[in-house]
Amino acid sequence: MTVDTQTIVSVAAYAGGGLAMGLGAIGAAIGEGYTAARANLAVSRSPENSGEIFKNMLVGQAVAESASIFALVIAILLLFLDVPQPTLLKAAALFAAGISMGLGAIGSGVGSGYPGGEACFGISRQPAAASQLTTNMLIGSAVCQTPAIFSMVVALILMFLNLGNSAVNPTWAAYLGAGISMGLAAIGSGYGGGLAAGASCAGIARQPKTAANVTTTMLVGQAVSQTPSIFGLLISFILMFKTFPATGSISAAMALLAAGICMGFGGIGPGIGNGMAAEGAVRWVARNVESAGDLMRIMLVGQAVSQSTAIYAMVVSLVLIFVL
Amino acid sequence: MKEAVSRTQKRYASWALTAAILIGLGFILTGYKPVGKGLVLGTLFSIINFILIAQSLPLGLGKSKRKTFLFSLVSIFLRYALMAIPLVIAVKYDQFNLIAVICGLFAIQLVILADHLFKFIRPGSPGTG
């Protein structure tokens with residue numbers, strides 16, 4: 001049986017589309033499920049506020065669903081887009097696009113469920129603060145989507161990148177590495193951002209007067225939590241846009257693939273760790289607003305230390321790309 | 001409970017549709033017909049999806065666990081299949097700009113965020129209530 005290039009490109013695009021939607025559905029479903037579970041608890045605790053809780057759940061779930069809609073967009077494009085000049089390199093790029101989007105939507109989907117759930121529960125505790133809680137939930141959820149948006153950008157670049165005269169070997173590995181780097185690194189940041197946003201909704205429900213301090217701490221904490229995904233994005237961009245000389249050796253290709261894997265896995269832990277540090281700070285700012293300054297400083301120091309492992313991963317990735 | 005959900009749904013759906021029609025008309029009148037048409041198409045499906053979420057929330061209540069699970073599963077599949085339709089149309093037909101359709105699919109989310117961001121910046125302003 002002979003397989004032509006067009007068939008290989010189609011297979012890669014279909015597999016990429018399947019991965020994009022299949023993996024992309026995981027996070028949003030878990031996140032929306034968490035929101036619904038907390039809404040159940042909230043309604044059972046305070047049935048008289050069920051209307052407000054359901055309204056918040058509807059709005060929260062609509063925003064939490066964004067990550068899976070990004071995945072749907074990429075999956076449909078991969079399944080139906082015409083490829084005028086099919087090459088093996090294009091096949092690698094399309095498959096990598098699916099990996100980037102599928103993995104990249106997981107963390108954001110799960111993460112954006114936390115503020116939704118905590119806001120629903122918070123309304124049962126503090127019905128008067130419902131509007132504040134919904135606003136804070138939406139801000140937190142929107143920031144959680146950032147890593148998924150980065151992943152979609154990388155996926156779109158991979159799909160529409162002008163391949164020109166790039167050498168098939170080792171560029172195929174660079175494209176796969178780019179997709180893996182972005183997709184995996186986005187998981188931790190999306191999830192970590194959600195932890196901070198969830199804690200801020202719980203904090204506002206506990207002490208509505210501290211809302212300004214709590215939201216500020218949440219936003220700073222979330223911003224730092226996004227850093228590992230920015231490292232992932234940086235490595236992806238280098239892998240996608242750097243020109244690699246043609247080679248017959250497999251080791252050069254493996255170095256580029258390993259660079260993506262290194263940064264991708266290396267970004268997961270720090271993203272979650274940073275989110276945990278932010279979650280702790282946000283929770284205690286709500287309980288002890290006088291110490292907000294100290295709590296913010298401790299959070300930032302903790303996040304900086306947690307971040308160091310992502311920096312090590314980035315350094316190793318850069319060595320694999322530029323030195324080996 | 002049904003009234004609160006329905007009120008929210010109507011408010012955001014009408015805002016999104018009005019914005020899409022106005023912006024889409026602007027594009028069409030300035031010669032970017034596929035962009036305008038794409039934006040309205042994407043927004044229409046975003047609204048349908050939002051309405052289906054809102055309608056399915058109360059319908060899932062008061063049923064057995066198995067029925068609620070099946071109902072939710074079918075509802076999710078239906079909504080995702082529905083969201084894929086404008087994308088397939090935009091990929092297949094040049095009359096609809098793909099980027100505009102994608103932007104339109106996020107119209108409801110953008111309207112929700114804009115409403116609450118406005119309230120966050122100007123706390124005294126009327127909002128979702």
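Residues numbered from 1 in each chain as written. Chains lettered and ligands numbered in written order. Predicted model: local features only at pLDDT ≥ 70, side-chain atom pairs only at ≥ 80, totals over all residues.

### So, the overall build of chain B
Looking only at helices and strands, one finds 5 helices and 0 strands in chain B. Secondary structure of chain B in N-to-C order comes out as α-α-α-α-α. In chain B, buried positions account for 35% of the 129 residues. Counting contacts in chain B only where the partners sit at least 6 residues apart, residues at least 24 apart contribute 69% of the total. (Helix = DSSP H or I, 4+ residues; strand = E, 2+ residues; numbered from the N terminus. Buried ≥ 20, exposed ≤ 12 C-beta atoms within 10 Å, placed from the backbone. Contact = placed C-beta atoms within 7 Å.)

### Digging into the overall build of chain A
Helices and strands together make up the secondary structure of chain A, namely 11 helices and 0 strands. Its helices and strands taken in sequence order, chain A reads α-α-α-α-α-α-α-α-α-α-α from the N to the C terminus. Reported as C-alpha extents along the three principal axes, the dimensions of chain A are approximately 65 × 40 × 25 Å. Taking all 324 residues of chain A together, the buried fraction comes to 65%. In chain A, of all internal contacts separated by at least 6 residues, the share reaching a separation of at least 24 is 92%.

### Focus: the confidence of the model for chain B
Across chain B, the average pLDDT comes to 84, with 88% of residues at or above 70. Interface scoring of the predicted complex returns ipTM 0.71; its pTM is 0.87. (pLDDT = per-residue confidence, 0-100.)

### As for helix H6 (residues 146-160) of chain A
Residues and elements named next belong to chain A. The end-to-end C-alpha separation of H6 is 21 Å, in line with the 21 Å expected for 15 residues at 1.5 Å each. Of the residues making up H6, those classed as buried are Thr146, Pro147, Ala148, Phe150, Ser151, Met152, Val154, Ala155, Leu158 and Met159. If you follow the buried residues of H6, they end up packed against helix H3 (66-80), helix H4 (88-125), helix H5 (130-144), helix H7 (168-206) and helix H9 (227-241). (Expected span 1.5 Å × (residues − 1).)

### Description of the nonpolar core
Residues and elements named next belong to chain A. Ranked by size, the top nonpolar core spans 150 residues in total, and within it Ala71 and Ile74 carry the most contacts. Here this core gets 21 residues from one element, more than from any other, and that element is H7. Residues contacting Ala71, with those up to four places away along its chain left out, are Ala20, Met21, Gly24, Ala25, Met101, Gly102 and Ala105. (Core = buried A, V, L, I, M, F, W, Y, C linked by C-beta atoms within 7 Å.)

### A word on the environment of Thr43 of chain B
All names here are of chain B. Of note, Thr43 is situated in helix H2 (residues 33-59). Considering only alpha carbons, one finds Thr43 and Leu105, 62 residues apart in sequence, at a separation of 5.4 Å. Setting aside residues no more than four positions away along its own chain, Thr43 makes contact with Ala16, Leu17, Ala20, Gly104 and Ala107.

### Quick notes on helix H2 (residues 50-64) of chain A
Between its first and last C-alpha atoms H2 of chain A spans 20 Å; for 15 residues at 1.5 Å apiece the expected length is 21 Å, and the two agree. Summarising burial for H2 of chain A: 14 of the 15 residues are buried, a large majority.

### Some points on the packing of helix H1 (residues 5-45) of chain A against H3 of chain A
Any two packed helices are characterised by how steeply their axes cross, that is the angle between the axes, and by the distance between the axes. Residues and elements named next belong to chain A. Running from amino to carboxyl end, H1 crosses H3 at an angle of 170°, the nearest separation of the two axes being 8 Å. Judged by the inter-axis angle, H1 sits roughly antiparallel to H3. Facing Ala13, Tyr14, Gly16, Gly17, Ala20, Met21, Gly24, Ala25, Gly27 and Ala28 of H1, the residues of H3 in contact are Ala67, Ser68, Ala71, Leu72, Ile74, Ala75, Leu78 and Leu79. (Axes fitted to C-alpha atoms, helices over the stretch in contact; angles between N-to-C directions. Parallel < 35°, antiparallel > 145°, perpendicular 65-115°, else oblique.)

### Remarks on the interface of chain A and chain B
Across the boundary between the two partners, chain A contributes 24 residues, which contact 28 residues of chain B. For the side of chain A that touches chain B, the element with the most residues is H2 of chain A, which contributes 10 residues. Within the side of chain A that touches chain B, the residues separate by chemical class into 15 nonpolar, 7 polar and 2 charged. (Nonpolar A, V, L, I, M, F, W, Y, C, P; charged D, E, K, R; others polar.)

### Structural notes on unusual backbone geometry
The omega angle of the peptide bond from Asn169 of chain A to Pro170 of chain A is 20°, so this bond is cis rather than trans. Relative to the helices and strands, Pro170 of chain A is located in helix H7.

### Some details on the packing of H4 of chain A against H7 of chain A
Residues and elements named next belong to chain A. For the pair H4 and H7, interaxial distance at closest approach is 8 Å and the crossing angle is 5°. As judged from the angle between their axes, H4 and H7 are roughly parallel. Looking at side-chain class alone, the contact of H4 with H7 contains 30 nonpolar, 19 polar and 2 charged residues.

### Re the environment of Phe54 of chain A
Within the secondary structure, Phe54 of chain A sits in helix H2. Distance in space between the C-alpha atoms of Phe54 of chain A and Ile204 of chain A is 19 Å, their sequence separation being 150 residues.

### Quick notes on the environment of Leu25 of chain B
Residue and element names in this part refer to chain B. Along the chain, the position of Leu25 falls in helix H1 (residues 2-29). Under the C-beta neighbour-count criterion, Leu25 is labelled partly exposed, with 13 such atoms within 10 Å. As for Leu25 and Gly36, which are separated by 11 residues in sequence, their C-alpha atoms are 6.2 Å apart.

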